[in-house]
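Here is what each chain is made of, one letter per residue.
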2 protein chains.
Amino acid sequence: MSKFRFNITMTLDGYVAGPNQSIDNPLGEGADHIHDWLFNLKGFREIHGDKPDGETGTNDDVFREAFANIGATIMGRNMFGGGPGQWREDPWRGWWGDNPPFHGPVFVLTHHAREQLVMQGGTTFTFVTDGIESALKQARQAAGGKDVALGGGANVAQQYLAAGLLDEMEIHLVPLLLCGGARLFDSLEGFDIRLEPVRTIEAAGVTHLKYRIIR
Amino acid sequence: MSKFRFNITMTLDGYVAGPNQSIDNPLGEGADHIHDWLFNLKGFREIHGDKPDGETGTNDDVFREAFANIGATIMGRNMFGGGPGQWREDPWRGWWGDNPPFHGPVFVLTHHAREQLVMQGGTTFTFVTDGIESALKQARQAAGGKDVALGGGANVAQQYLAAGLLDEMEIHLVPLLLCGGARLFDSLEGFDIRLEPVRTIEAAGVTHLKYRIIR
């Protein structure tokens, strides 16, 4: 059966971005090295259209598994970017240039309606204004039996965790203390979320922790 | 060289205790299962004077390593217990009965002076009112060349992390989301704390993550 899966890099102290995120500094202050384990992987370079040299090995295997069999992606407005509020006249088209690394349908949760954006390489951004359940329903239909990926960020992940809609979560835990910023696990007081460990993989600079979320 | 080491069990969302800690519920609400990996270990039972049957294997090995070569222990007043404020006339003697599991000198950080407490089995509780550096100095002297253990809790750990005084930290990461309570990594905004991974061990119900703290 197709799954709704979430992959995210998190520091040991629970942050997925630093403080004061902005257009110039989308990951926030001090978070430059959070994704160091990722950028040089062969698989990462491939989906970003970069030169396909790069590291192979355990981290690359984990990365490829995370992106395999994904038929659609969901993300929040903050991850899509462009600042809060109404879309401007010449609106933001994402952080990723003309050929984003998703190569399939992406559903962006926002309070502000906007027409679908068709990019190169198969990526489409569809803007969903009627909530997380609607986004998941649309993503499942678009995925055609493949898995749906939750792209992030923290706020949207919290909403899906609280609603009990995620099937699987893989935390790429990096040995950093950010000491401030956006926490992945926040605003979840009162929710009973149960995890079942699937596997732990230790690799260079990161520990991959995969969990099934029990309904 | 002797080290100042910290071992602590933490949930995936960063908590070491639940909300509303009290004398009746020292670990706070919802935290009953945080230490499940620990209680049935042969090594844990031995230091608590329980029947020495119990589980051997990876978790027991990690537990024994954590307690090996410890010459003295430091803990905060909250971990020692008895509620905040002045000591009462018939003062609290710890959570652990007449024969606590430390079997050596323990230094309790408190704002309220009190005479040393001598327990059975080699445990002494010395109450330190002049700060974390003094407690560490006294513990090092008492340890006679062995390592010093930081017992907890979160608040004292944060003070030692912020002061750059810890040498090593092992997080026993359990697959639970507590969604509230006492976070291990909190109140550390503005501190530059660098970690170097030593090892990761996956075991039944827990992932053991050991880090060196770089000065």
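Use the structure listed above.
Residues numbered from 1 in each chain as written. Chains lettered and ligands numbered in written order. Predicted model: local features only at pLDDT ≥ 70, side-chain atom pairs only at ≥ 80, totals over all residues. Heavy atoms only, no water.

*Asks:* Honestly, the interface of chain B and chain A in this entry has me stumped. Any pointers?
*Replies:* It is common to give the size of an interface as the accessible area lost on bringing the parts into contact. Facing 27 residues of chain B, the contacting portion of chain A comprises 27 residues. Taken together, the two surfaces of chain B and chain A that pack against each other cover about 2,300 Å², and 64% of this comes from carbon and sulfur. By the criterion of area lost to chain A, the three top residues of chain B are Leu 12, Leu 177 and Cys 179 of chain B, representing 27% of everything that side buries. Applying the counting criterion to the chain B and chain A interface returns 2 salt bridges. At the boundary of chain B with chain A, the tally comes to 10 residue pairs in polar contact (both at pLDDT 80 or more). Mapped onto the side of chain B that touches chain A, the elements with two or more residues apiece are strand 8 (168-174), strand 10 (194-203) and strand 11 (206-214) of chain B. With 5 residues, the top contributor of residues to the side of chain B that touches chain A is strand 10 of chain B. Within the side of chain B that touches chain A, the residues separate by chemical class into 17 nonpolar, 4 polar and 6 charged. (Contact = heavy atoms within 4.5 Å. Buried area = accessible area lost by both parts, 1.4 Å probe. Salt bridge = Lys/Arg side-chain N within 4 Å of Asp/Glu carboxyl O. Polar contact = N/O pair within 3.5 Å; in protein donor to acceptor, adjacent residues only side chain to side chain. Helix = DSSP H or I, 4+ residues; strand = E, 2+ residues; numbered from the N terminus. Nonpolar A, V, L, I, M, F, W, Y, C, P; charged D, E, K, R; others polar.)

*Asks:* How should the pairing of strand 7 (residues 147-152) of chain A be read in this particular structure?
*Replies:* Consecutive side chains of a regular strand alternate in pointing toward one face of the sheet and then the other. Residues and elements named next belong to chain A. Extensive coverage of strand 7 is indicated by the burial of 5 of its 6 residues. Of the strand pairs in this sheet, strand 1 (residues 4-11) and strand 7 are connected by 3 bridges, and their pairing is parallel. Within the sheet, the bridge partner assigned to Phe 6 lies in strand 7 and is Leu 150. Bridging between strand 3 (residues 70-76) and strand 7 involves 5 bridges; their strand directions are parallel. Within strand 7, the position partnered with Ile 74 by the bridge is Leu 150. (Buried < 20%, exposed > 50% of the residue type's maximum accessible area, 1.4 Å probe, protein only. Pairing = 2+ DSSP bridges.)

*Asks:* How should I be thinking about empty space enclosed by the protein in this particular structure?
*Replies:* If a probe the size of a water molecule is rolled over the atoms, the empty space left behind becomes visible. For the coordinates displayed, the defined rule picks out 1 cavity of 30 Å³ or more. Here the largest cavity defines a volume of roughly 50 Å³. Forming the walls of the largest cavity are Met 10, Leu 12, Asp 13, Gly 14 and Arg 183 of chain A together with Met 10, Leu 12, Asp 13, Gly 14, Arg 183 and Phe 185 of chain B. Of the residues contributing to the lining of the largest cavity, the split by class is 5 nonpolar, 2 polar and 4 charged. (1 Å grid on protein atoms, 1.4 Å probe; cavity = no way out; pocket = protein on both sides within 12 Å on 5 of 7 lines; lining within 4 Å. Points joined across faces, edges and corners; volume = space filled by probe spheres on them.)

*Asks:* Explain unusual backbone geometry to me, please; I cannot follow it from the model alone.
*Replies:* Glycine aside, the phi torsion of most residues is negative, and most peptide linkages are trans. Omega for the peptide link from Gly 152 of chain A to Gly 153 of chain A comes to -5°, which places this bond in the cis form. Relative to the elements of secondary structure, Gly 153 of chain A occurs in the loop between strand 7 and helix 6 (154-162). Backbone geometry at Ser 187 of chain A places phi at a positive 55°, although glycine is not the residue there. Here Ser 187 of chain A lies in the loop between strand 9 (182-183) and strand 10 (194-203). Of note, His 103 of chain B is a non-glycine position whose phi angle comes to about 50°, a positive value. Mapped onto the elements, His 103 of chain B comes out in the loop between helix 4 (77-80) and strand 4 (105-109).

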